[in-house]
Amino acid sequence: MYYFCTYFDSNYISRGLCLIDSLNRHCENFKIAVLCLDDVCYNILSSLNISNIITVRIQELEKRYPMLLTVKENRTRLEYYFTCGPSFIHYSLNLFIDCDLITYLDSDLYFYNSPKPLFDGFKNYSIGVVGHHLPDYRRETRQGIYNVGWLNFRRDDEGMACLDLWQRQCIEWCYDKLENGKYADQLYLDEWPNLYSRFYEFTHHGANVAPWNVGDYDISLHDGQVYINNDPLIFYHYHGFKKVTSHIYNTNLWLNFKSPHPILKKYVFTEYIQKLEFFSSGKNPTESIRSYKSKFHFFKLFYKCLIGILFRQFIVVYRNRIF
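Residues numbered from 1 in each chain as written. Predicted model: local features only at pLDDT ≥ 70, side-chain atom pairs only at ≥ 80, totals over all residues. Heavy atoms only, no water.

Student: Please provide a residue-by-residue account of the sheet that holds strand β3 (residues 53-57), values included.
Tutor: Spatial ordering of the open sheet is given by β3-β2-β1-β4-β7-β6-β10, a layout of seven strands whose pairing is mixed. If you trace the sheet from one side to the other, it starts and ends with β3 and β10 (199-202), each paired once. The average undirected angle you get between the axes of adjacent strands in this sheet is 25°. As paired strands, strand β6 (residues 127-131) and β10 are joined by four bridges and run parallel to one another. The residue bridging I127 from the neighbouring strand is F199, located in β10. Of the strands in this sheet, β1 (2-8), β2 (30-36) and β3 are in contact with helix α2 (residues 39-48), which crosses β3 at around 155°. Sheet strands in contact with helix α5 (residues 77-95) are β1, β2, β3, β4 (101-105) and β7 (146-154), and its direction is about 150° off that of β1. (Pairing = 2+ DSSP bridges. Helix = DSSP H or I, 4+ residues; strand = E, 2+ residues; numbered from the N terminus. Axes fitted to C-alpha atoms, helices over the stretch in contact; angles between N-to-C directions. Contact = heavy atoms within 4.5 Å.)

Given below as structure tokens:
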């Protein structure tokens, strides 16, 4: 039995359902706890009555960890969502009494193969993370070495010590800005290899393939299976993947200044877009609460669009075909 947890609100529900659907097809015997960040999300998920999903209201988490309420008013909705992450992982371990290992997943992940190879490689460890694998020119950015998209915590001394520390740190400081070596919930992870002896970074190239690293991988197809640097693709992280108009999606690959590989478009993005459209019921499936606009927001937006056009990073969807 695998135990997962994730969180999302009604804006992300199409992406969350895509994640769960992909797990149902590629991962046998699992349960997933979902923190519903608003009532609309909770009502929709509960009405589906899917046996391996356990829905949790945000109010239940706040009742268990009242210290969350002490910081709620001083943070944006997005910052508060980040703040709740470690607490919900903690909550999920208590929810799944027989769970020895909990895996947190960002809700914009999508699985193309079984995650079993990742769990097999993690057997003798307590804390597991995936790296960003950023290109050289972006190594010094605020994102840090590791990504929060996939995290493992074992119910042992080191796993719980790490989770407890991270929970306290995020309650103390978790903002959508870079300050004194901290950024949101993410830069705290950079400390973990020095603090814990049973820390593990997954080296499987097919794990956490994302807009910021996919342009640097060798992508190939063998027997209908997508391979990333000779490893089968396990999951893709659809960070920033946006529906721009009724027929156009932005792949967010401007982070690499490269065009999407034809295999990526046909065998990876096509499936995800079809699932997004299916679960969205005609609404925009990539809505978000992100409202922060930097001083040069419109310049950056123009710059991203220009890069997207130059490198053909926008996907056109027409009559179930992708161009």
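Now that the structure has been shown, we can carry on.
Student: Run through the side chain of E79, naming residues and quoting values.
Tutor: Within the secondary structure, E79 sits in helix α5. We note that E79 is buried and unpaired, the nearest opposite charge coming from R75 at a distance of 5.9 Å. Look past the residues within four positions of E79 in its chain and what remains in contact with it is C174, Y175 and D176. (Buried < 20%, exposed > 50% of the residue type's maximum accessible area, 1.4 Å probe, protein only. Lys, Arg positive; Asp, Glu negative; His and termini not counted. Salt bridge = Lys/Arg side-chain N within 4 Å of Asp/Glu carboxyl O.)

Student: Describe the sheet that holds strand β12 (residues 225-228), naming the residues involved and giving the relevant values.
Tutor: The three strands lie next to each other as β11-β12-β13, forming an open sheet whose pairing is antiparallel. Of all the strands in the sheet, the pair left with one neighbour each is β11 (219-222) and β13 (231-232). As paired elements, β11 and β12 share four bridges and run antiparallel to each other. Looking at the pairing, S220 lines up with Y227 of β12. Running over the sheet, helix α9 (residues 262-280) touches β11 and β12 and is turned about 55° from β11.

Student: I'd like a rundown of the nonpolar core, residues and numbers included.
Tutor: Across soluble globular proteins, nonpolar side chains have a tendency to be buried as a group. Counting residues in each nonpolar core, the largest one holds 48 residues, and the members touching the most others are L35, L61, I102, L151, F153, W166 and W192. Contributions of two or more residues to this core are made by β1, β2, α3 (58-64), α5, β4, β6, β7 and α7 (157-172). Leave out the neighbours within four places in its chain, and W166 touches P86, I89, V148, L151, F153, D185, Y188, L189 and W192. Listed in part, the 30 residues of the second largest apolar core include L19, I20, C36 and F119. (Core = buried A, V, L, I, M, F, W, Y, C linked by side-chain atoms within 4.5 Å.)

Student: Give a description of α9 that names residues and reports values.
Tutor: Between its terminal C-alpha atoms α9 stretches 26 Å, which fits the 27 Å expected from 19 residues at 1.5 Å a residue. At F269, α9 is bent by approximately 40°, the largest bend along its length. Taken together, the buried positions of α9 are I263, L264, V268, F269, T270, Y272, I273, L276 and S280. Looking one or two places after α9, you find S281, whose phi comes out positive at around 55°. (Expected span 1.5 Å × (residues − 1). Bend = angle between axes of the 7 residues up to and from the residue.)

Student: If you had to explain the packing of α5 against α7 to someone new, which residues and values would you point to?
Tutor: Put simply, α5 and α7 touch, their axes get as near as 7 Å, and they point 145° apart. The chirality of how α5 crosses α7 is left-handed. Contacts between α5 and α7 involve T83, P86, S87, I89, H90 and L93 from the former and M160, L163, D164, W166, Q167, C170 and I171 from the latter. Taken together, the residues of the contact of α5 with α7 break down into eight nonpolar, four polar and one charged. (Left-handed = near helix turned anticlockwise from the far one by under 90°. Nonpolar A, V, L, I, M, F, W, Y, C, P; charged D, E, K, R; others polar.)

Student: Could you give an account of α5, naming the residues involved and the relevant values?
Tutor: At G85, α5 is deflected by roughly 35°, the largest bend along its length, and proline P86 occurs up to four residues later in sequence. By the criterion of burial, α5 is predominantly enclosed, with 16 of the 19 residues buried.

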